[in-house]
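Per-entry structural report
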Amino acid sequence: SLSTTVPQSITPSITIHQSSTIIIKKPLYHQPTNADMDASPMETSTPSNSNSNSNSNIDANSDAAGMPPATLAPMHVLESPVKSIGQGSNQLQYTSGSPAWQCNFSRDGMYLAVCFGAPDPCVRVWKYEPPSTATSASKTKTPAEAKTDDHGSISANGTWTLTSTLEGVHTRTIRSVAFAPVQSPLVLAMASFDATVSIWETDPRRAKADGRDTMEWDCTTQLEGHDNEVKCVVWNSIGSLLATCGRDKSVWIWECFLPGVVGSTASDTGDFECLAVLNGHEADVKSVKFASSHGQWGDGEEICLSSAYDDTIKVWAEDAGDWYCALSIDNVHTDTIWTLAVSPGSGRVVSGSSDGSIAIYKSYTRQEKKELFPEERNGSTGHWHCVGRLPDAHSAEVYTLDCAPSRAGHGRIASGGGDNRIQIYREDMGSTSDEPKFALDTVVSTSHGDVNCVCWHPWDGSVLCSAGDDGKVQLWSYQQS
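Residues numbered from 1 in each chain as written. Predicted model: local features only at pLDDT ≥ 70, side-chain atom pairs only at ≥ 80, totals over all residues. Heavy atoms only, no water.

Right, let's get into empty space enclosed by the protein. Any empty space left between the atoms is revealed when a probe the size of a water molecule rolls over them. For the structure on display, the rule yields one cavity of 30 Å³ or more. What the largest cavity holds in volume is close to 40 Å³. Lining the largest cavity we find I358, I360, L390, I413, Y425 and F438. In the lining of the largest cavity, the residues fall into six nonpolar, no polar and no charged. (1 Å grid on protein atoms, 1.4 Å probe; cavity = no way out; pocket = protein on both sides within 12 Å on 5 of 7 lines; lining within 4 Å. Points joined across faces, edges and corners; volume = space filled by probe spheres on them. Nonpolar A, V, L, I, M, F, W, Y, C, P; charged D, E, K, R; others polar.)

In structure tokens form, the structure reads like this:
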């Protein structure tokens, strides 16, 4: 069944925090040793007729000699607020033990949303206050102005203040959260294990009418249709499409009519319409991402990629309004593919797996496909091919990956996993798109336990955020070597 509803029987609860403070801690961390730097050689392959690589070893740290190490140092820990039950001498204060599953910055980088699991499923939103406004009521700087603060880092001297807790709609773990790529109003999508996706929007007019400079959120839509837990939700580049995936082995594509989206009209009020239900995976779908089609896949401007418990990646394309599976990539990983990341420009995709490895794929045009992969009979589309692997990137599952956005200016790849580690990789001299060479730039051991998510700030390349099983959200300062 499929329905798009505004919840009537459930009253969402939005807690406005006006004076929350940040607790600054230093979790256990270390800079890479020689053993760390040599731990993950990149295997590469020249294009061949299979996604299973015939690899040759490439030095993973070919230009590191004599270079000072990069650093990833803790800046702020954002913790859940203290709660209390009972009264007087019987009052008990506690902090929720819910794991933090995913973190996501708003398009302008001034807000950070984090989703949490049971027993306290919710999404918390923090707002960045530059140094000049952290202790005064003056106007918040623009991102460009904020970037010129004392140390050139958005949060070196500023603060992150908890402004809102969004809860009361989802009854189970909220596994994924994503800001829509629009400036105003702010829009959030949340995916839950209760098989639904909720859409939340801010109402700045109501806040101004009340005379308060606070963030007012409303749950405007609840998307239903998945038969089981929804594991991931993601917007396309302009906010006109939404993709969801879940335990029911399906990927759903939704068309969105949001205010502020390119092509929207004044009458658009945040409606959603299901365009396609894509079945092709044989097990739980863990991750979904959009990427540019570059005119090589059908007639749509974007493709959708999904990864799953069946150890495969599917590429979904649109042609004449119909979505279909254009490519299935297997024989790269030997276990669940938990995460996908797309590079700026969509020329490269990176995947992480329970087998501890990270794989890199290159996008090829139709013409390149004919020349390099003549055995591929479908000549109407482009091609994705695995061109390199880090076979022992982590000593446990690779749960999360993120490619730095182009505005970060350094092109690093961040990874996190079940080994309690965050690792940063840089592309080395001599690397090519067909034969990539990556070096381990730096590694830290966190307090998270499982590192469930890492994400780069959208324009400040010195800021990385992480979330983990300990329920904490960590902001890190990255300094290049």
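Additional details are given in the paragraphs that follow.
Let's shift gears to the sheet that holds strand 20 (residues 285-292). An order of 20-21-22-23 is seen for the four strands of this open sheet, with the pairing classed as antiparallel. Among the strands making up the open sheet, the edge pair consists of strand 20 and strand 23 (322-329). Averaged over all pairs of adjacent strands, the angle between strand axes in this sheet comes to 25°, irrespective of strand direction. Relative to strand 22 (residues 313-319), strand 21 (residues 302-308) runs antiparallel, the two being bridged by four bridges. Pairing of S307 across the sheet is with I313, part of strand 22. (Pairing = 2+ DSSP bridges. Helix = DSSP H or I, 4+ residues; strand = E, 2+ residues; numbered from the N terminus. Axes fitted to C-alpha atoms, helices over the stretch in contact; angles between N-to-C directions.)

In this section: unusual backbone geometry. Here A118 and P119 are connected by a cis peptide whose omega angle stands at 10°. Mapped onto the secondary structure, P119 falls in the loop between strand 9 (111-116) and strand 10 (122-129). For the peptide bond that leads from S184 to P185, omega is -5°, which places it in the cis range. Looking at where P185 falls in the secondary structure, it is placed in the loop between strand 12 (174-179) and strand 13 (187-192).

Here we have four strands laid out as an open sheet, ordered 28-29-30-31, and antiparallel in their pairing. Each having just a single partner strand, strand 28 (398-403) and strand 31 (438-445) make up the two edges of the open sheet. Shown here is a sheet whose adjacent strand axes are inclined to one another by a mean of 20°, direction ignored. Strand direction decides the pairing type here: strand 29 (residues 413-417) and strand 30 (residues 421-427), joined by four bridges, are antiparallel. Pairing of I413 across the sheet is with Y425, part of strand 30.

Moving on, we come to the packing of aromatic side chains. Evaluated as defined, the whole model comprises seven aromatic pairs. Ring geometry for F105 and W160: centres 6.0 Å apart, planes at 55°, overall tilted. Remark: W160 occurs in strand 11 (residues 159-167) and F105 occurs in strand 8 (residues 100-105); sequence separation between them is 55 residues. Note on accessibility: F105 and W160 belong to one class, buried. When the ring of W456 is compared with that of Y478, the centres are 5.6 Å apart and the planes differ by 75°; the resulting orientation is edge-to-face. Taken together, the residues span a long stretch of sequence, with W456 in strand 32 (residues 451-456) and Y478 in strand 34 (residues 473-479) at a distance of 22 residues. Comparing W456 with Y478, the two get one shared label, buried. (Phe/Tyr/Trp six-rings, centres within 6.5 Å; stacked < 30°, edge-to-face > 60°. Buried < 20%, exposed > 50% of the residue type's maximum accessible area, 1.4 Å probe, protein only.)

So, about the pairing of strand 11. Among the nine residues of strand 11, eight are classified as buried, and the element is accordingly described as predominantly covered. Direction of pairing for strand 10 relative to strand 11: antiparallel, over a ladder of seven bridges. Residue pairing for strand 11: V123 is matched across the bridge by L166.

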